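Given next are the chains, with one letter for each unit.
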Amino acid sequence: MLPTVVKLLRETILFGVAGTVGFMVDTAVLYALQGIMGPFYARALSFLAAVLATWLINRNLAFRGRASALSRKSEFLSYLVLMLAGGLVNYGVYSALVLWQPVVRQHLVLGVAAGSLAGMSVNFLTARYLLFRK
């Protein structure tokens, strides 16, 4: 029982590390593109960049002992599809805050953070139990 708990804790922490890196990528791409595309289209592209970053980290660190049995391309596409569930939660929270909270409209990073936290548990569960399973 204890090794299972330790493994789950390790995966959760590393998933959080991947999420932190994904948050930084998401925010950097959003700020780079928002002046050109606006905060909504820019966020869609920044989300895709964050998914790529988190997939690379999660497959090589957090879930390295859990094979997906898919080719890298198929695994990434599956990961992207699964992350869309958390991404919808993430984007919904972000959009609501941008629309209804002036402070978030002025500091988009607050919306990115709130959305990221909201979608993280959905993403962890789908990654661990649907894609990266033994």
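Residues numbered from 1 in each chain as written. Predicted model: local features only at pLDDT ≥ 70, side-chain atom pairs only at ≥ 80, totals over all residues. Heavy atoms only, no water.

Participant: What should I look at first to understand the nonpolar core in this one?
Facilitator: What tends to happen in soluble globular proteins is that the nonpolar side chains get buried as a cluster. Counting residues in hydrophobic clusters, the biggest one holds 16 residues, and the most contacted among them are Val51, Phe63, Tyr79, Met83, Ala127 and Phe132. Contributions of two or more residues to this core are made by helix 1 (2–62), helix 2 (72–100) and helix 4 (108–131). For this core, the element with the highest residue contribution is helix 1, accounting for six residues. Apart from residues no more than four positions distant in its own chain, tyrosine 79 is found in contact with Val51, Thr54, Trp55, Asn58, Ala127, Leu131 and Phe132. (Core = buried A, V, L, I, M, F, W, Y, C linked by side-chain atoms within 4.5 Å. Buried < 20%, exposed > 50% of the residue type's maximum accessible area, 1.4 Å probe, protein only. Helix = DSSP H or I, 4+ residues; strand = E, 2+ residues; numbered from the N terminus. Contact = heavy atoms within 4.5 Å.)

Participant: For this particular structure, what's the right way to read the side chain of serine 68?
Facilitator: Tracing the backbone shows serine 68 in the loop between helix 1 and helix 2. At 2.4 Å, the side chain of serine 68 and the side chain of glutamate 75 are in polar contact. (Polar contact = N/O pair within 3.5 Å; in protein donor to acceptor, adjacent residues only side chain to side chain.)

Participant: How should I be thinking about the environment of proline 3 in this particular structure?
Facilitator: Tracing the sequence through the fold places proline 3 in helix 1. As a C-alpha pair, proline 3 and alanine 69 span 66 residues in sequence and 24 Å in three-dimensional space.

Participant: Any chance you could explain the packing of aromatic side chains here in plain terms?
Facilitator: For the structure on display, the rule yields seven aromatic pairs. Measuring from centroid to centroid gives 5.2 Å for phenylalanine 63 and phenylalanine 132, while their planes differ by 15°, and the two rings are stacked. You can see phenylalanine 63 sitting in the loop between helix 1 and helix 2 and its partner phenylalanine 132 sitting in the segment after helix 4, a full 69 residues away along the chain. Neither phenylalanine 63 nor phenylalanine 132 differs from the other in exposure class; each is buried. Summarising the aromatic geometry, the rings of tyrosine 91 and tyrosine 94 are spaced 6.1 Å apart at their centres and angled 40° between planes, so their arrangement reads as tilted. A residue pair is termed a helical-turn pair when its members lie 3 or 4 positions apart in one helix, as tyrosine 91 and tyrosine 94 do in helix 2 at three residues. The buried category is assigned to tyrosine 94, whose relative accessible area is 0%. Put simply, the rings of Phe15, Phe63, Tyr79, Phe124 and Phe132 touch in pairs and so form one group of aromatic residues. Taking the ring centre of tyrosine 94 as reference, the NZ or CZ of arginine 43 above it sits at 4.7 Å. (Phe/Tyr/Trp six-rings, centres within 6.5 Å; stacked < 30°, edge-to-face > 60°. Lys NZ or Arg CZ within 6 Å of the ring centre and 35° of its normal.)

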